[in-house]
Amino acid sequence: MWVPKINIKDDKKRSILFVPAMLDMHFPLIKYAFYSKNYIPVIMTEEDGITDLGIRYVNNDMCYPIIQIVGQMIKTLQSGKYNVNRVKLLMPTAGDACRGANYIGALRRAVKLAGYCNVPVLTLNVRDCEKDSMMKFDLPMVWHALFGLFYGDILMMLLYQTRPYEKTKGAADSCWEKWIKRLSYDMIRGRNLSLRAMRKNFRLISKDFAAIRENDTWHKIKRKPVVEIIGELYVKYCHLGNWDLVDFIEKNGAEAHVNGLSYYALYYMDTHMVRKHTLEAKGAKVLMKFLEMIQKDMIKAMKEYDFFTMPAYRQFKKDAHGKVNYNMRTGDGWLIGAEAVGYMKHGVNKVFAAQPFGCMVNHCAGRGLYPSLARKYKCANIVSADVDSSASKLNYYNRLLMLLN
C-alpha cells in the first residue's frame, strides 16, 4: 500500500489537536496517525496539579480518568504555549454504556466553565456517537494507527521484560528510544510501511532487546517476581492513571507485565462491531482476521527470542471460556478477567488490578470475578486497588507490596 508523507511542520493553517495522554508506550508512534491536512496533534504532557484542576471543573463522583484528562487539557490551554483560537480537543470514546461515553459532554462543559467557550471538542469513535462532532479519519490514518498499535505493543512488552535484567543501566530504554526514532522516521516519510517490513522489524526489535539481557547464565538466573497489571484502559496504559505502577514494581525488584493494546482492539471489534448483519460488520470481520494475522507474527517473533506473551486473540479468548462471562461487553468488559486468566494459566501468579474508584465495569467484570478465579487457580494471588482523586497512594502501594511479598 502506498502511504503519503506526513507534514509535521506547523503551517498555521491547520488546527492544533490536543490528544489526551492515555497510552504512554503507544502514542509516540500512533500520534502520526492524527497528522492530516487539517490537524497537528499535540499529546498532552502537563502533569503538575492536573488532578486538583480537574476536580474544579468535573464532579468528583465521575471516573478518575476524566478528571485527569480535563485537568491536563485545561492546564495546557492555560499554559500560553498555544493559540487557543486554533485549538481543538479530541476525546476518544468507546461509545457504549460505560461512563466513558459521557466524557465528551463532561469535557465540553469543563472547558466552557474554564472560560474557553470557543474551543471545540471532537470525538473519535466507531459507533457514530455525536456524529456532528466526529473527527473524520481516512485509510492512511488507519494504516499509520495500525503500525503504531503493533509496534507500540512489541516495544512495550519487550522493554518491560528486558529492563529488570539489563547489565548496563539505561540500555533497555536506549533500545526503545532507538526504535521509536527509527520507526518515526519511516512513518513520517511513508517508508517501510508494508506487512513484510513489519514482520522483519518484529524480529529485529526482538533480537535487539534479547541482546541486552543475553548472557551465559540467562537461562540459569533466578527470575524476578512477575506482576501482571490488568484493569481499565487508561489506568492500565498511562502512568498518570496508575500512579507510576511499572516504575514502582521495578524499583521493588520485580518485573511488570502489561498485555498488548491489540488485544483490546480485537476484543472491541469482536464484542461491538461484528455482531450485526450489516456490510460494516462483514468489513469488521475481515479487519479482525487481518489484525490477528499481524498479531500472530508479532507473537512468533517474540517467542523466537524467548520472550513471554499471551497466545493470539482467538486462543486467548478460548482459554478464558467458562471462567469469564462473554456477555460482559461494556467498556473493558470480559477482557479484564480474561487477561487475569491468561496470565495465571501461563504461570504468572501475581495479578494487580488497578481500577478507577466506582468503575462499575471493573467492579462487576473484574473485582466480582477475582474470588472465583482465586479458587480455580490455587497458587494465584489477585489484589485490586482503586485509583481516585481522594484515594490514598500509601494504601495503594501497600497493597502492591503485600502482593509482591
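What you are looking at is a predicted structure, and each value in this text was computed from that prediction instead of being measured.

Colleague: So what exactly am I meant to see when it comes to the packing of helix α2 (residues 50-57) against helix α3 (residues 64-78) here?
Modeller: One can describe the packing of α2 onto α3 by two numbers: an axis separation of 7 Å at closest approach and a directional angle of 100°. In terms of their interaxial angle, α2 and α3 are classed as roughly perpendicular. Along its contact with α2, which presents I50, T51, L53, G54, I55 and Y57, the element α3 presents Y64, I67, Q68, V70, G71, Q72, I74, K75 and Q78. A per-class count over the contact of α2 with α3 returns eight nonpolar, six polar and one charged.

Colleague: Help me out: how do you make sense of the nonpolar core in this one?
Modeller: In globular proteins that are soluble, nonpolar side chains generally tend to be buried together. By size, the foremost hydrophobic cluster in this structure holds 154 residues, and its most contacted members are F34, L155, F209 and F352. Looking at this core, the element that brings in the most residues is helix α5 (residues 139-162), giving 14 residues. Filtering out sequence-adjacent residues up to four positions away, F34 remains in contact with L17, V19, F27, Y39, P41, L90, L124, M135 and M141.

Colleague: For this particular structure, what's the right way to read the pairing of strand β3 (residues 87-92)?
Modeller: Regular strands place their side chains on alternate faces of the sheet. Examined bridge by bridge, strand β1 (residues 15-19) and β3 share three bridges and lie parallel to one another. Bridge pairing links F18 to L89 in β3. Here four bridges tie β3 to strand β4 (residues 121-124), and the two strands are oriented parallel to one another. Pairing of M91 across the sheet is with T123, part of β4.

Colleague: Please explain α5 as it appears in this structure.
Modeller: The α-helix winds at 3.6 residues per turn, so residues separated by three or four positions along the chain end up facing the same way. Helix length check: α5, at 24 residues, gives a terminal C-alpha distance of 35 Å against a target of 34 Å (1.5 Å per residue), a fit within 8%. For α5, the N-terminal cap is D138; the gap from its side-chain oxygen to the backbone nitrogen of M141 is 3.0 Å.

Colleague: I tried to follow a nonpolar patch on the surface on my own but got confused; where do I start?
Modeller: On the surface, a nonpolar cluster with roughly 350 Å² of combined accessible area is contributed by V126, F137, L139 and V142. Secondary-structure assignment places V142 in helix α5.

Colleague: Looking at this model, I keep getting lost on α3. Mind explaining?
Modeller: With 15 residues, α3 should cover 21 Å at 1.5 Å per step; its first-to-last C-alpha distance of 21 Å lies within 8% of that length. Burial analysis of α3 places 13 of its 15 residues in the buried class, the great majority of the element. G80 sits one or two positions beyond α3 and adopts a positive phi of about 80°.

Colleague: Any chance you could explain the pairing of strand β5 (residues 226-231) here in plain terms?
Modeller: Of all six residues in β5, six are buried; the element is thus mostly enclosed. Residues of β5 alternate between two faces, with V226, E228 and I230 on one and V227, I229 and G231 on the opposite face, all of them buried. One ladder, built from four bridges, connects β5 with strand β6 (residues 255-258); its direction is parallel. Residue pairing across strands places V226 opposite E255, the latter belonging to β6. Summarising the sheet, β5 and strand β7 (residues 350-356) pair through five bridges and their orientation is parallel. Each bridged residue has a counterpart across the sheet, and for E228 the counterpart in β7 is V351.

Colleague: Is there a simple way to think about the sheet that holds strand β2 (residues 39-43) in this case?
Modeller: Each strand in a sheet pairs with another by means of backbone hydrogen bonds, the pair being arranged parallel or else antiparallel. Ordered in space as β2-β1-β3-β4, the four strands form an open sheet in which the pairing is parallel. Each edge of the open sheet is held by one strand with a lone partner, namely β2 and β4. Strand-to-strand twist of the sheet, defined as the mean angle between neighbouring strand axes without regard to direction, takes the value 35°. Pairing of β1 with β2, which is carried by five bridges, proceeds in the parallel orientation. When the sheet's bridge partners are listed, I16 is paired in β2 with I40. Together, β1 and β3 form the strand contacts of α3, whose direction differs from that of β3 by roughly 170°.

Cut-offs applied
Along each chain, numbering runs from 1 in the same order as the chain's sequence is written. Under the rules for a predicted model, residues below a pLDDT of 70 receive no local features and side-chain atom pairs below 80 are neither given nor counted, while totals for whole chains, interfaces and linings still include all residues. Side-chain figures throughout are based on the complete set of non-hydrogen atoms in the structure, without hydrogens or water. Working convention: axes come from line fits to C-alpha atoms, limited for helices to the stretch in contact. Angles between N-to-C directions cover 0 to 180 degrees. Only runs of H or I of at least four residues qualify as helices and only runs of E of at least two qualify as strands under DSSP, and these elements are numbered from the N terminus. Should an angle fall under 35 degrees it is taken as roughly parallel, and over 145 as roughly antiparallel, whereas 65 to 115 is taken as roughly perpendicular and any remaining angle as oblique. It only takes one pair of heavy atoms within 4.5 Å for two residues to be counted as in contact. Side-chain classes are defined by residue name, with Ala, Val, Leu, Ile, Met, Phe, Trp, Tyr, Cys and Pro counting as nonpolar, Asp, Glu, Lys and Arg as charged, and the others, Gly among them, as polar. Put simply, buried Ala, Val, Leu, Ile, Met, Phe, Trp, Tyr and Cys residues joined by side-chain atoms within 4.5 Å make one nonpolar core. Remark: exposure states derive from per-residue accessible area (1.4 Å probe, protein chains only) relative to the maximum for the residue type, with buried under 20%, exposed over 50%, and partly exposed in between. When DSSP finds two or more bridges between a pair of strands, those strands are recorded as paired. Here the expected span of a helix is defined as 1.5 Å times the quantity of residues minus one. N or O atoms within 3.5 Å of each other form a polar contact, as long as, within protein, one can give a hydrogen and the other can take it, and as long as residues adjacent in sequence are counted only when both atoms are side-chain atoms. Excluding any residue in a salt bridge, patches collect residues exceeding 30% relative accessible area, merging like charges within 9 Å and nonpolar Val, Leu, Ile, Met, Phe, Trp and Tyr side chains within 5 Å. The Shrake-Rupley method, run with a 1.4 Å probe, gives the accessible areas here. Residue values count only the displayed protein chains as cover. Salt bridge, as used here, is a side-chain nitrogen of Lys or Arg placed within 4 Å of a carboxyl oxygen of Asp or Glu.

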